[in-house]
Amino acid sequence: MDVVDEIRTVVVAGVPDILPSDRMADKLVIHFQSLRSNGGDVQNVLYPTISKGVAFVTFDNIADAERVIKKEQSMRDEEFPKDYTLTVFKFTTDVFFYVSTEVNLSGFSGPEALIQSLRSAHRSVRICTLQQNRVTMEGPFTAVKALREDLIGKLRTNSCPSRMEQGALPRPDNTLSSIAGCSQPQRSESRCNDEDKEELEEDSVWVDSCMLMYIQKFNQEELARCLREHNVSARFEQGTDLTAVHLRGLIPGSSGVQGATLELNALVSIRQSTLRVHVLNCTRHDLRERQRLLQLCEEASVIYKDILYVPLDSCIKVVGPSTASYLFYEEVILNHV
């Protein structure tokens, strides 16, 4: 996709998986060419993409793309059992780092009003409500990260940090791992205690899981140096798409956590600009197919030594430099057929 196509393209999230992909692509054309969508002539629809429920729609005119972004989009058709709300936003290359996560909003008063304000402020993140004040958020990694930081900021203005640790914004429920600049971090006492005159600085940052795993595998020394030079320890709670990095200063009264946060964000951003992620889909219950793909990945990794492959429930993610990751992906696909 060239620059001209990009500025005429929108990302459509929330496409229902209720029809064959070719028919759903036709339905998207019909919807975005209708008066109801405020759209216009559609040049091309790319669906499906590597992200579930996401399509790329390219219009003939830039003005049509700009109009559909501004309007709330609801897709209806006589073949659909109900209307489906779509999230539509401007295309950027950030969409290739598409993530999904779940958040608990029980720490906020008036979650419904909060959700509406978040949808207005973060248009490129799709927010869907679940039960018990929980929501799912999906979108480009940078957009989801910005929304999470917005939420954390709102929570900090209304409560002390200890409340955050009690689950108002839960961390991903997945594998725990630790790496320390000097020693294993201890769980700190509440910073709301006025008697604590010299407290250890703490902060949390959310980063893309694939990028962090790549750094941990291929740039471990650089990560350890960052923590060591700033006198902080780090604890990682890894989710499928996002990983929470909990940083804790090792010297009372120091500002090392702030420096480590900035350096870690910069390190991840550099990897995001140079690395690409390809997805090898596999059926969750077909163990033979999954084992075959893992075997092919292991064989290919002997040749492509700068590639990380990450087995997940329904796919294997291939992470690495642009050319090498593509060649790795193509070799696995070719040998798998």
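Positions within a chain are numbered from 1, following the residues in the order the chain's sequence is written. Local features in this predicted model are restricted to residues of pLDDT 70 or higher, and side-chain atom pairs are both shown and tallied only at a pLDDT of 80 or more, whereas totals for entire chains, interfaces and linings draw on every residue. The side-chain values count all of the structure's non-hydrogen atoms but skip hydrogen atoms and water molecules.

Asker: Is there a simple way to explain the pattern of salt bridges in this structure?
Answerer: For side chains bearing opposite charge, pairing can occur when the charged atoms are close. Every case where a carboxyl oxygen of Asp or Glu lies within 4 Å of a side-chain nitrogen of Lys or Arg is listed as a salt bridge. Summed over all chains, the structure comprises 12 salt bridges. The partner of Asp64 in a salt bridge is Arg67, and the shortest N-O contact between them spans 2.3 Å. Of this pair, Asp64 and Arg67 both sit in helix H3 (residues 62-70), 3 residues apart, which is roughly one turn of the helix. Between buried and exposed lies partly exposed: a residue is buried under 20% and exposed over 50% of the maximum accessible area for its type, with that area taken using a 1.4 Å probe on protein chains only. Since its relative accessible area comes to 8%, Asp64 is described here as buried. One network of salt bridges, in which partners are shared, links Arg23, Lys27, Asp77 and Glu79. The numbering of helices and of strands both runs from the N terminus, where a helix is a DSSP run of H or I of at least 4 residues and a strand a run of E of at least 2.

Asker: For this particular structure, what's the right way to read the environment of Lys70?
Answerer: Its location among the elements puts Lys70 in helix H3. Taking the C-alpha atoms as reference points, Lys70 and Arg123, 53 residues apart in sequence, are found 9.3 Å from one another.

Asker: Please clarify how unusual backbone geometry should be interpreted in this entry.
Answerer: With glycine set apart, most residues show a phi of negative sign, and most peptide bonds adopt trans. Here the amide bond leading from Tyr47 into Pro48 is cis, since omega sits at 0°, within 30 degrees of zero. Within the secondary structure layout, Pro48 lies in the loop between strand E2 (42-46) and strand E3 (54-59). Even without being glycine, Asn38 reaches a positive phi, approximately 65°. Its identity as a non-glycine residue notwithstanding, Asn231 has a phi of 55°, on the positive side.

Asker: What exactly am I supposed to notice about the pairing of strand E15 (residues 315-321) here?
Answerer: Two faces belong to every sheet, and in a regular strand the side chains alternate between them. Across the 7 residues of E15, 6 count as buried, placing the element largely inside the fold. Where strand E13 (residues 275-281) and E15 come together, 7 bridges link them in antiparallel fashion. Counted as the bridge partner of Leu280 is Ile316 from E15. Strand pairing follows a simple DSSP-based rule, namely that at least 2 bridges must link the two strands. Of the strand pairs in this sheet, strand E14 (residues 308-311) and E15 are connected by 4 bridges, and their pairing is antiparallel. Of the residues in E15, the one forming a bridge with Tyr309 is Val318.

Asker: What should I look at first to understand the pairing of strand E6 (residues 98-104) in this one?
Answerer: A large share of E6 lies buried, amounting to 5 of its 7 residues. Pairing of E6 with strand E8 (residues 134-140), which is carried by 7 bridges, proceeds in the antiparallel orientation. For Ser100, the partnering residue across the bridge sits in E8 and is Glu138.

Asker: Teacher, can you tell me more about the packing of helix H8 (residues 220-229) against helix H9 (residues 256-274) here?
Answerer: For any two helices packed against each other, one specifies the inter-axial angle together with the distance between the axes. In the contact formed by H8 and H9, the axes pass within 9 Å of each other and the chain directions differ by 160°. Comparing the axis directions of H8 and H9 gives the class roughly antiparallel. By crossing handedness, the relation of H8 to H9 is classed as right-handed. Contacts from Glu222, Leu223, Arg225 and Cys226 in H8 reach Ala260, Glu263, Leu264, Leu267 and Arg271 in H9. Gly is put with the polar residues, along with every residue not named as nonpolar or charged; the nonpolar set is Ala, Val, Leu, Ile, Met, Phe, Trp, Tyr, Cys and Pro, and the charged set is Asp, Glu, Lys and Arg. Residues of the contact of H8 with H9, tallied by class, amount to 5 nonpolar, no polar and 4 charged. Orientation is described by lines fitted to C-alpha atoms, with helices fitted over the stretch in contact, and by angles between N-to-C directions that extend from 0 to 180 degrees. Note that the term roughly parallel is reserved for angles under 35 degrees, roughly antiparallel for angles over 145, roughly perpendicular for angles of 65 to 115, and oblique for everything else. When the near helix sits turned anticlockwise from the far one by under a right angle, the crossing is termed left-handed; a clockwise turn instead gives a right-handed crossing. Contacts are assigned to residue pairs with any non-hydrogen atoms lying within 4.5 Å of each other.

Asker: I keep staring at the sheet that holds strand E4 (residues 73-75) and nothing clicks. Help me out?
Answerer: Strands pair in a sheet through their backbones, by hydrogen bonds, and they do so in one of two ways: parallel or antiparallel. Strand order in the open sheet formed by 5 strands is E2-E3-E1-E5-E4, with antiparallel pairing between adjacent strands. Each of the sheet's edge strands pairs with one partner strand only, and the pair in question is E2 and E4. The sheet shows a mean angle of 30° between the axes of neighbouring strands, direction not considered. The pairing of E4 with strand E5 (residues 84-90) spans 3 bridges and is antiparallel. The residue of E5 that forms the bridge with Ser74 is Thr85. Set on the sheet, helix H2 (residues 21-32) makes contact with strand E1 (9-13), E2, E3, E4 and E5; between it and E4 the angle comes to about 130°. Across the sheet, H3 is in contact with E1, E3, E4 and E5; its angle to E5 comes to roughly 130°.

Asker: Hey, could you run me through the confidence of the model for the protein chain in this one?
Answerer: Note that predicted coordinates carrying low pLDDT should not be read in detail. What pLDDT conveys is the predictor's confidence in a given residue, as a value from 0 to 100. In this model, the protein chain carries an average pLDDT of 83, and 86% of its residues clear a pLDDT of 70 or more. The element-level mean pLDDT for the protein chain is lowest in strand E9 (residues 176-180), coming to 33, with E1 highest at 96. For the stretch residues 159-197, pLDDT sits under 50, and the model shows 82 contacts to residues farther than four places along the chain or on other chains.

Asker: Help me understand a nonpolar patch on the surface, please; the structure alone is not making it clear to me.
Answerer: Patches were defined on residues exceeding 30% relative accessible area and lacking a salt bridge, with like-charge contacts within 9 Å and nonpolar side-chain contacts (Val, Leu, Ile, Met, Phe, Trp, Tyr) within 5 Å. Here the accessible surface of atoms and residues is derived via Shrake-Rupley with a 1.4 Å probe, and residues count as covered only by protein chains that are part of the display. A cluster of nonpolar side chains, Val3, Ile7 and Ile62, forms an exposed patch at the surface whose accessible area comes to about 250 Å². Secondary-structure assignment places Ile7 in helix H1 (residues 3-7). With a relative accessible area of 40%, Ile7 lands in the partly exposed category.

Asker: What exactly am I supposed to notice about H8 here?
Answerer: Residues separated by three or four positions in an α-helix point in the same direction, a consequence of the helix having 3.6 residues per turn. The complete set of buried residues in H8 reads Leu223, Cys226 and Leu227. The buried side chains of H8 occupy one side of the element, clustering within an arc of 90° when seen end-on. Facing away from the buried side of H8, by more than 90 degrees, are the exposed residues Glu221 and Glu229. Asn231, located one to two residues past H8, shows a positive phi value of around 55°. It is the directions from the helix axis to the C-beta atoms whose arc is reported.

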